[in-house]
Amino acid sequence: MAKGNEKKGAKVFKTKCSQCHTVEEGGAHKQGPNLYGFWGRQSGQADGYSYSSANKKSGIMWGQDTLFDYLENPKKYIKGTKMVFAGIKKPKERNDLIAYLKSSCEA
């Protein structure tokens, strides 16, 4: 899988994700959960966030491959998710975002 550009990924996060998510340790939950520490963790595990049962029961471990597929079409990847985001169709843009998320959210 192609390696993404962290700097470009930060811009993608700011324009497409930051309305609903934070990445810093101890950051607030918004419409979506704070993402700090989610890398390598099972979906639906952030303390204090009310996930859909579909997300909690999905058993997905977040990493490069699962995020690449999920971010293309979240509602198709986890049927029943509360995430209302349409997805990112361009593979390069997804890889950039994933590079940023890995560096920003790894506990």
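One can find the structure itself at the top, above this paragraph.
Heads up: these notes are all about the structure in this document. Here the structure is a predicted model, which is why all the values come from computation and not from measurement.

### A look at the overall build of the chain
Along the chain, the regular secondary structure elements total five helices and zero strands. Shown N-terminal to C-terminal, the secondary structure of the chain runs as helices and strands in the order α-α-α-α-α. For 107 residues, the compact-globule estimate of 2.2 N^0.38 gives 13 Å, and the chain sits close to it at 13 Å. Seen along its three principal axes, the alpha-carbon backbone of the chain occupies a region of about 30 × 30 × 25 Å. Counting only contacts in the chain whose residues sit at least 6 apart along the sequence, the fraction spanning at least 24 positions is 44%. Total accessible area on the chain stands at roughly 6,200 Å², and carbon and sulfur atoms take up 52% of it.

### Focus on the side chain of H21
By the element assignment, H21 lies in the loop between α1 (6-16) and α2 (53-57). Judged by its relative accessible area of 13%, H21 falls in the buried class.

### Notes on the environment of D47
Residue position: D47 is located in the loop between α1 and α2. Residue D47 is classed as exposed on the basis of its relative accessible area of 73%. Distance in space between the C-alpha atoms of D47 and C105 is 15 Å, their sequence separation being 58 residues.

### Let's talk about the nonpolar core
Ranked by internal contacts, the top residues of the largest apolar core, which has 21 residues, are F13, F38, L97 and L101. Contributions of two or more residues to this core are made by α1, α3 (64-72) and α5 (91-105). Among the elements that take part in this core, α5 stands out by supplying five residues, more than any other. If we ignore the near neighbours within four places in the chain, the residues touching F13 are S18, H21, T22, V23, L35, L97, Y100 and L101.

Conventions and cut-offs
- Residues numbered from 1 in each chain as written.
- Predicted model: local features only at pLDDT ≥ 70, side-chain atom pairs only at ≥ 80, totals over all residues.
- Heavy atoms only, no water.
- Helix = DSSP H or I, 4+ residues; strand = E, 2+ residues; numbered from the N terminus.
- Rg over C-alpha atoms; globule rule 2.2 N^0.38 Å.
- Contact = heavy atoms within 4.5 Å.
- Areas by Shrake-Rupley, 256 points an atom, 1.4 Å probe, with all protein chains shown as cover.
- Buried < 20%, exposed > 50% of the residue type's maximum accessible area, 1.4 Å probe, protein only.
- Core = buried A, V, L, I, M, F, W, Y, C linked by side-chain atoms within 4.5 Å.

Limitation: the analysis is restricted to geometry and does not speak to function.
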